[in-house]
Amino acid sequence: MTLPHPRELVRTLEFTAALCNRRREGALDTVAALKAMCADYRFPGASGATRADAAAAWAHLRTLEAMWDADRDEIAATANRVFKQCDARPHLVRHDDFDWHLHGLPAGAPIADAIAVNAAMALADLVRTEDTARLKRCSDDRCLRMFFDLSRNRSRRFCSTTCQSRTNVAAFRARQA
Ligand SMILES: [Zn+2]
Ligand SMILES: [Zn+2]
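Keep in mind that what you see is a predicted model, and the values were worked out from it rather than measured.

1. A short note on the coordination of the zinc ion (ligand 2)
Phase 1: The coordination sphere of the zinc ion (ligand 2), as far as protein atoms go, consists of Cys138 (SG), Cys143 (SG), Cys159 (SG) and Cys163 (SG), spread over 2.3 Å.
Phase 2: Angles of 105 to 118° at the metal separate the four donor atoms of the zinc ion (ligand 2), which places the site in the tetrahedral class.
Phase 3: Each donor residue of the zinc ion (ligand 2) belongs to the same chain, with the gaps between them written as C-x4-C-x15-C-x3-C. Note that Cys138 is positioned in the loop between strand 3 (135-137) and strand 4 (146-148) and Cys159 in the loop between strand 4 and helix 6 (161-176), a separation of 21 residues in sequence. Neither residue differs from the other here; Cys138 and Cys159 are each classed as buried.

2. So, the packing of aromatic side chains
Phase 1: In the structure shown here, the tally under the stated rule is two aromatic pairs.
Phase 2: Ring centres of Phe15 and Phe43 lie 5.2 Å apart, and the angle between their planes is 25°; this geometry places the pair in the stacked category. Separated by 28 residues along the polypeptide, Phe15 in helix 1 (residues 7-24) and Phe43 in the loop between helix 2 (31-40) and helix 3 (51-69) bring together distant segments of the chain.
Phase 3: The class of Phe15 is buried, set by a relative accessible area of 3%.
Phase 4: A residue is classified by how much of its surface remains accessible, and Phe43, at 11% relative accessible area, is buried.
Phase 5: Members of the aromatic cluster, connected to one another through ring pairs, are Phe15, Tyr41 and Phe43.
Phase 6: A cation over a ring is seen here: Arg11 above Phe98, with NZ or CZ 4.0 Å from the ring centre.

3. Quick notes on the pattern of salt bridges
Phase 1: Per the counting criterion, the structure on display carries 13 salt bridges.
Phase 2: Two residues, Arg7 and Asp97, come together in a salt bridge whose shortest N-O distance is 3.9 Å. In this pair, Arg7 sits in helix 1 while Asp97 sits in the loop between strand 1 (91-95) and strand 2 (98-103), placing the two residues 90 residues apart along the sequence.
Phase 3: Classification of Arg7 as partly exposed rests on a relative accessible area of 43%.
Phase 4: A salt bridge links Arg154 to Asp131; the shortest N-O distance between them is 2.7 Å. In this pair, Arg154 is assigned in the loop between strand 4 and helix 6 and Asp131 in the loop between helix 5 (111-128) and strand 3, connecting sequence segments 23 residues apart.
Phase 5: On the basis of relative accessible area, Asp131 is assigned to the buried category, the value being 5%.

Analysis parameters
- Residues numbered from 1 in each chain as written.
- Chains lettered and ligands numbered in written order.
- Predicted model: local features only at pLDDT ≥ 70, side-chain atom pairs only at ≥ 80, totals over all residues.
- Heavy atoms only, no water.
- Donors = N, O, S within 2.8 Å, 3.2 Å for Na, K, Ca; no water.
- Tetrahedral: all angles 85-135°; square planar, octahedral: opposite > 155°, others 65-115°.
- Helix = DSSP H or I, 4+ residues; strand = E, 2+ residues; numbered from the N terminus.
- Buried < 20%, exposed > 50% of the residue type's maximum accessible area, 1.4 Å probe, protein only.
- Phe/Tyr/Trp six-rings, centres within 6.5 Å; stacked < 30°, edge-to-face > 60°.
- Lys NZ or Arg CZ within 6 Å of the ring centre and 35° of its normal.
- Salt bridge = Lys/Arg side-chain N within 4 Å of Asp/Glu carboxyl O.

Below you can see the structure in the form of structure tokens.
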């Protein structure tokens, strides 16, 4: 599949959605959970994370989740606030199997701020390219998980095939009744 954005940008947005979804589901309230998520998405700098780091990360995730649901102008304004609050210092890095891409803070910065600034930079890229319509929530109102829509015509409605088929079955039953 051809991605609508660079692979590392997509990865950052999917990481942001996954963190916010887990936090909302209450499945991300330990340092171990934060470290595991960072490892899954190859997000560096979490190995020494403490409970205070995790608490700071959860606080930032509320802001990032609000940005996901916001309009383009609001996303821009909030991104600027995050850059200022976390003292963003963008620089190019290459790590794991990712070629040159921007990180918002130097290695060794607090992990919560690094997550927030990187997410805000990714969201700022969508503002720039007028593609914030890809920031979606699952249409199944029992789910509402955040996801980044990679479809060509931005038409995806569900976070997963599970939610899609559950909704289709419910619609079918409603028609039969
Ligand atoms: Zn990176
Ligand atoms: Zn869903």
